[in-house]
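# Geometric and topological summary
Chain by chain, the residues:
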Amino acid sequence: MTPYESNTTLAAIADKLRTAQRIVITTHAKPDGDALGSVVALAEALESMGKTAERWVMPPVPGNLSMLARDGHLHRYETESDPLPEGEPDAIVIVDTGAWTQLAPMRAWLEPRRERAILLDHHLRGDDVAALRYIDSSAAAAAQIVAALIDELGVEYDDVMRDAIYVGIASDTGWFRFSNTTAETHELAARLLRLGVDHAELYAKLEQAERPEKLQLMIRALDSLKLIADGNVAVMTLRRSDFEDTGAIQEETERLVDLPQVVGDVQVVVLITETDNGPVRLSFRSKPGIEAVDVNEMARQFGGGGHARAAGARVDAPLDEVRRRVFEAAEQLHAARATQ
Ligand SMILES: [Mn+2]
């Protein structure tokens, strides 16, 4: 197995891109602010060098994020009947993931083109998706790596690049709150502010643009809250009926899992979501600190995974059975920690 690490430098990647004329840029399915911000900023930078840069995304793309692309066309690839990139591009850049599972829709197109693919990522694990890899797990966001590459290319920022990079680093750091935020992240943010980023406006557009149904779903989630394991673990459950009654959609569960963290004693939060005919979704969060719980380990017990502070799983079982197993796992974890 190829270790998941860099095998080249950003300078070498910049050289490679300078010699390419047509470049396809893509990212993980269901792109978030970092994924889309990275795609948009890099495409814009390459276009300013006179190149053809195509932005390929795998939906759903949140509506408030697609505004990042401004006039840049977003190619959406969702099902096999959708058109793929035409002919053979000179280079392909994959950002913010190196995992085939996250690139699944376009895998059949990407895999035979591995030799001309370049990966820019900040995750701990991934597959051998590209011949050239630049992986920096200390980077708070893929956008932080893209920003360094833009400097390497010697491109001046325009407004689109500026906002896209800012949204990338702000989304992946929870607007500079999470433990992945570093001095470099703040330095980059400061530089973007000097270039004129309207951070308050971006925050409002991205984080304060929900539908009223979101609030109704939030009420349901909080109403279902159970504090267990001496109040250290908060479990919330959303049933299919909660979506039917409120008119909320699955995507509107985003960030609900953060809510119970306002309570001091709560170390771990689990959100259990029943989906339409699909597996039950589990989202895990834990607070940082010396006593921090590794929720990646918890998620693994349910066949999932992720990061130490944020993880997820999908379980093919009835909701109430999954719920019982979550309660058991939480109590077991708590008992094990109490005896340490
Ligand atoms: Mn990211």
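As a starting point, this report considers the structure included with it. (Residues numbered from 1 in each chain as written. Predicted model: local features only at pLDDT ≥ 70, side-chain atom pairs only at ≥ 80, totals over all residues. Heavy atoms only, no water.)

Next up on the list: the layout of surface pockets. The volume enclosed by the second largest pocket comes to roughly 160 Å³. Along its surface, the second largest pocket is lined by 13 residues, and Arg70, Asp163, Glu201, Leu202 and Lys205 are the ones closest to its centre. Mapped onto the lining of the second largest pocket, the elements with two or more residues apiece are α6 (159–172) and α8 (199–207). Element by element, the count of residues in the lining of the second largest pocket is highest for α6, at four residues. In the lining of the second largest pocket, the residues fall into five nonpolar, one polar and seven charged. (1 Å grid on protein atoms, 1.4 Å probe; cavity = no way out; pocket = protein on both sides within 12 Å on 5 of 7 lines; lining within 4 Å. Points joined across faces, edges and corners; volume = space filled by probe spheres on them. Helix = DSSP H or I, 4+ residues; strand = E, 2+ residues; numbered from the N terminus. Nonpolar A, V, L, I, M, F, W, Y, C, P; charged D, E, K, R; others polar.)

This part covers the coordination of the manganese ion. Bound to the manganese ion are the protein donor atoms Asp34 (OD), Asp96 (OD), His122 (NE2) and Asp172 (OD), situated 2.1 to 2.3 Å from the metal. In primary-sequence terms, the residues that donate to the manganese ion follow D-x61-D-x25-H-x49-D. Here Asp96 lies in the loop between β4 (91–95) and α4 (107–110) and Asp34 lies in helix α2 (residues 33–48), a separation of 62 residues in the sequence. Look at Asp34 and you get buried, because its relative accessible area is 0%. (Donors = N, O, S within 2.8 Å, 3.2 Å for Na, K, Ca; no water. Buried < 20%, exposed > 50% of the residue type's maximum accessible area, 1.4 Å probe, protein only.)

What follows is about the packing of helix α5 (residues 142–153) against helix α7 (residues 183–194). Between α5 and α7, whose axes approach to 11 Å, the crossing angle comes to 60 degrees. Taken together, the axes of α5 and α7 lie oblique to each other. In this structure, the crossing between α5 and α7 has a hand that is left-handed. Of the residues in α7, those in contact with Gln144, Ala147 and Asp151 of α5 are Glu184, Thr185, Leu188 and Arg191. Taken together, the residues of the contact of α5 with α7 sort by class into two nonpolar, two polar and three charged. (Axes fitted to C-alpha atoms, helices over the stretch in contact; angles between N-to-C directions. Parallel < 35°, antiparallel > 145°, perpendicular 65-115°, else oblique. Left-handed = near helix turned anticlockwise from the far one by under 90°. Contact = heavy atoms within 4.5 Å.)

Right, let's talk about α5 for a bit. Since there are 3.6 residues in each turn of an α-helix, residues three or four apart along the chain are aligned in direction. Spanning 12 residues, α5 covers 16 Å between terminal C-alpha atoms, matching the ideal 16 Å at 1.5 Å per step. Among the 12 residues of α5, nine are classified as buried, and the element is accordingly described as predominantly covered. Every buried residue of α5 is accounted for by Ala142, Ala143, Gln144, Ile145, Val146, Ala147, Leu149, Ile150 and Leu153. (Expected span 1.5 Å × (residues − 1).)

On to the pairing of strand β1 (residues 22–27), then. Counting buried residues along β1, six of its six residues qualify, which places the element largely inside the surrounding structure. With respect to chirality, the unit in which β1 leads through α2 into the neighbouring parallel strand β2 (residues 52–57) is right-handed. Bridging between β1 and β4 involves five bridges; their strand directions are parallel. Across the sheet, residue Ile23 finds its bridge partner in β4, namely Ala91. (Right-handed = clockwise from strand over helix to strand, strands pointing away. Pairing = 2+ DSSP bridges.)

Residue position: His123 is located in the loop between β5 (117–121) and β6 (132–135). With 18 residues separating them in the primary sequence, His123 and Ala141 have C-alpha atoms 9.0 Å apart. Once you skip the residues sitting within four places of it in the chain, His123 turns out to touch Tyr4, Asp96, Thr97, Ile135, Ser137 and His307.

So, on to the nonpolar core. Counting residues in hydrophobic clusters, the biggest one holds 54 residues, and the most contacted among them are Leu17, Leu120 and Ile165. Residues Ile228, Val235, Val268 and Met298 belong to the second largest nonpolar core, which totals 24 residues. (Core = buried A, V, L, I, M, F, W, Y, C linked by side-chain atoms within 4.5 Å.)

This paragraph deals with the packing of aromatic side chains. What the rule picks out here adds up to four aromatic pairs. Taking the centre distance of 4.9 Å and the plane angle of 85 degrees together, the rings of Trp175 and Tyr203 count as edge-to-face. Of this pair, Trp175 sits in the loop between α6 and α7 while Tyr203 sits in helix α8, and the two are 28 residues apart along the sequence. Residue Tyr203 is classed as partly exposed on the basis of its relative accessible area, which comes to 34%. Considering the side-chain rings of Phe284 and Phe302, the 6.1 Å spacing of their centres and the 35 degrees angle between planes classify their relative orientation as tilted. With Phe284 in strand β10 (residues 280–286) and Phe302 in the loop between α11 (295–300) and β11 (305–306), this pair connects stretches of sequence that are 18 residues apart. Note on Phe284: relative accessible area 0%, which makes it buried. A relative accessible area of 7% means that Phe302 is categorised as buried. Taken together, the aromatic side chains of Tyr166, Trp175, Phe176 and Tyr203 make up a single cluster linked through ring pairs. (Phe/Tyr/Trp six-rings, centres within 6.5 Å; stacked < 30°, edge-to-face > 60°.)

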